[in-house]
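The primary structure of each chain is shown beneath.
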Amino acid sequence: MFIDDLGRDFYGRLVGKRVLVIVNYDIDALCASRILQALFQNDHILYSIVPIMGISGLQRTYTEHREDAKNILLVNCGGCIDILETLQPEEDATFFICDSHRPYDVCNIYNDGQIKILGKPSEDEGIPEFETIFRDSDSEESDSENEDEEEGEQMTRMQKFEAKMEKQRQRRVWETDRNRIMFEYSQFSYYGRSSALQLFELAWRLSKDSLDILWWAIVGVTEQLVMGKIESAAYTLECNQIQSHVSRLTNKASDNTIQTAVRITFENDLHLAMYRHWSVQDSLRHSIYSACKMRLWTLHGEKRLQELLVEMGLPLVQARQTFSSMDLVLRQEFYGMIEKLAEKYDLTDLIYGSFTLHYGYRHRYSAADYVYSLLANLESVGADRLPEQCFLEAMDSLERVNRGKLHGGIERAKQLLVGILRHVQGHLEMRQVRSAGPFLYYTLTEESNLFCCPYSLTLLTQFILRAHVSASRSRRAPDMPLVASCPVDVERGICLMIGIPPTREDSPKNLFGRAFEQAALKSSATISPDFFDTACIQIKRDDQQRFLDALTVLLS
């Protein structure tokens, strides 16, 4: 059941109670949980925040806390699975779902008791009507029995048989229509509004918002853009609303004569990864957009990069040092110089509107800087760094006082992008991106610590697909999706596999979630669809080729 009045039907029901917050392992959910933390601390609400990485983690966490927690909030998890069937909760447990994954499970939508979905659905989601997908078989049987008793004396045996056959025919037609409707509703996976932004609006309606809370929401929305989860048009619409909140909170601080060095500004920025904290040359070379447009993994592309720097009037000595160490005049003119040459070098989409956080005299970070830092901190899992520790460290880096952790994440993100470009160059030179007919695929043959997590493997896959399309002479290349796999446990023979939509698609809707399920059934492959993003699975290495063959037949 959807609840629109979050202040009364959601937050008001949590005041004075203990809340279990189960958070998916992604950046938007992390920002949303930090907003919740600020609200709960303000109202002295007892809470526990537990990060999870999949459906099995959700089941394990709820089992551990089911005796103590009767109010459970699921952030970016649980909306797309049947909660009651998956968790088998007690009757007095209430689940509040704040999930940006789509489509929602219809059992959650039409549950009027224990399931509460925050917000209201958009018309684009195309949620089926209740009568088209649910049918009360018990009442039908009782009605038919009553009809038989009343008409039994008047109907012949043949008429009863014909009436029974007609009811069975009607039921088969209804089931066929239901299967078609459910397939059309669930065939694509995609993302809705940012959960962090939704919870910021709750804080605003409760008059408990601040510039810090607004910044966390901005980071959540920006993550959806950077990772290709939403269209640029949807991002622009959200930015228009956020700008009004920025102006309101800034004016509020001025009216109250609060002396603060914190400012949030909206300005045109560049799709260049962390260029304020990197050198201009390295940022241009390792950003997905500029690298693929100029083919910077080739010698010809490297020459074009040098030509661009020369035409900008940017000496190599300046371009190769950290942006903050460049001459002041060059820093101030950098944006204007690259904007003038954007069309000549086919970088027309390099410029976009973004928010920037200023505090103190020297500290300036774009929302995308935070996204890359959080991404690297989240996925820096190792022998001495558990996922829970990475999650907490990433959450700490959202605080302005923890600049060290933020900069540590930025340095890790640089290493990740350098490793991605190296792999892209190697795969393209060795022509390891192969066509399976309806889709492209490539396989990392060796286990890599850089790409053993979904975020980093997604970045690599997006980079490889865009690079392949820019280098390919085939007209079909922009219409081809890509499937990628990477070994994550060599001893057990487990691989992580993801699928992404074609570059030409305007909408980032992904068909691989349902396609992976069907291919696994047809090939009898052992897969683990444990992630809340259904286009990401784990699969046995021995089953991989058989699985891809079934996927090829399915999508042909």
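Just so it is clear, the model here is predicted, and its values are computed rather than measured.

*Asks:* So what about the sheet that holds strand β11 (residues 363-366)? Which residues, and what values?
*Replies:* Within the open sheet, the three strands sit side by side as β9-β10-β11. Their pairing is antiparallel. Two strands in the sheet have a free side with no partner beyond their single neighbour: β9 (263-270) and β11. In this sheet, neighbouring strand axes are inclined to one another by 35 degrees on average, regardless of whether the strands run parallel or antiparallel. Note: strand β10 (residues 351-359) against β11, four bridges, orientation antiparallel. The residue of β11 that forms the bridge with Leu357 is Tyr365. The sheet contacts of helix α16 (residues 328-341) involve β9 and β10, and relative to β9 the element is tilted by about 30 degrees. Taken strand by strand, helix α17 (residues 367-378) contacts β10 and β11, and its axis lies near 80 degrees from that of β11.

*Asks:* Account for the packing of aromatic side chains, with residues named and values stated.
*Replies:* Where two aromatic rings form a pair, the distance of their centres and the angle of their planes describe that pair. If you walk through the whole model with that rule in mind, you get 19 aromatic pairs. For the ring pair Trp215 and Tyr370, a centre distance of 5.5 Å and an interplane angle of 80 degrees mean the geometry is edge-to-face. Of this pair, Trp215 sits in helix α10 (residues 211-226) while Tyr370 sits in helix α17, and the two are 155 residues apart along the sequence. For Trp215, a relative accessible area of 2% corresponds to the buried category.

*Asks:* So, unusual backbone geometry: which residues are in play, and what are the values?
*Replies:* Of note, the bond from Arg102 into Pro103 is cis; its omega dihedral lies within 30 degrees of zero at 0 degrees. The residue Pro103 is located in the loop between β6 (101-102) and α5 (106-109) in this model. One non-glycine residue, Ser207, adopts positive backbone phi at about 60 degrees. Following the sequence through the fold, Ser207 ends up in the loop between α9 (195-205) and α10. With relative accessibility at 59%, the residue Ser207 sits in the exposed group. One non-glycine residue, Ser524, lies in positive phi territory at about 55 degrees. The residue Ser524 is located in the loop between α21 (512-523) and β16 (527-528) in this model. On the basis of relative accessible area, Ser524 is assigned to the exposed category, the value being 58%.

*Asks:* Requested: an account of the pattern of salt bridges, with residues and values cited.
*Replies:* All chains considered together, the criterion is met by 29 salt bridges. In this structure, Arg169 engages Glu166 in a salt bridge whose closest nitrogen and oxygen atoms are separated by 2.8 Å. Separated by three residues within a single helix, Arg169 and Glu166 lie in helix α8 (residues 157-186), roughly one turn from each other. Given a relative accessible area of 40%, Arg169 falls into the partly exposed group. A relative accessible area of 33% means that Glu166 is categorised as partly exposed. Here Glu175 ties to Arg171 by a salt bridge, and the two come within 3.4 Å at their closest N and O atoms.

*Asks:* I'd love a proper account of helix α14 (residues 299-312), names of residues and values included.
*Replies:* In a regular helix each residue adds 1.5 Å, so 14 residues correspond to 20 Å; α14 covers 20 Å between its end C-alpha atoms and thus fits that length. Turning to α14, the residues buried within the fold contact α12 (280-286), α13 (288-294), α15 (316-319) and α16. Where α14 terminates, the next one or two residues include Gly313, which has phi positive at roughly 75 degrees.

*Asks:* Give a description of α8 that names residues and reports values.
*Replies:* For α8, with 30 residues, the first-to-last C-alpha span of 43 Å sits near the 44 Å given by 1.5 Å per residue. In this fold, the buried residues of α8 make contact with α5, α6 (130-133) and α21.

*Asks:* Quick one: what's the story with the nonpolar core, residue by residue and with numbers?
*Replies:* Ranked by internal contacts, the top residues of the largest apolar core, which has 136 residues, are Phe10, Leu73, Trp215 and Phe334. Considering every element that reaches this core, the biggest residue donor is α10, with ten residues. Those residues in contact with Leu73 that lie beyond four places of it in its chain are Phe10, Val19, Leu20, Val21, Ile22, Leu36, Phe96, Cys98 and Leu118. Residues Ala69, Ile81, Ala93 and Phe532 belong to the second largest nonpolar core, which totals 27 residues.

Cut-offs applied
- Residues numbered from 1 in each chain as written.
- Predicted model: local features only at pLDDT ≥ 70, side-chain atom pairs only at ≥ 80, totals over all residues.
- Heavy atoms only, no water.
- Pairing = 2+ DSSP bridges.
- Helix = DSSP H or I, 4+ residues; strand = E, 2+ residues; numbered from the N terminus.
- Axes fitted to C-alpha atoms, helices over the stretch in contact; angles between N-to-C directions.
- Contact = heavy atoms within 4.5 Å.
- Phe/Tyr/Trp six-rings, centres within 6.5 Å; stacked < 30°, edge-to-face > 60°.
- Buried < 20%, exposed > 50% of the residue type's maximum accessible area, 1.4 Å probe, protein only.
- Salt bridge = Lys/Arg side-chain N within 4 Å of Asp/Glu carboxyl O.
- Expected span 1.5 Å × (residues − 1).
- Core = buried A, V, L, I, M, F, W, Y, C linked by side-chain atoms within 4.5 Å.

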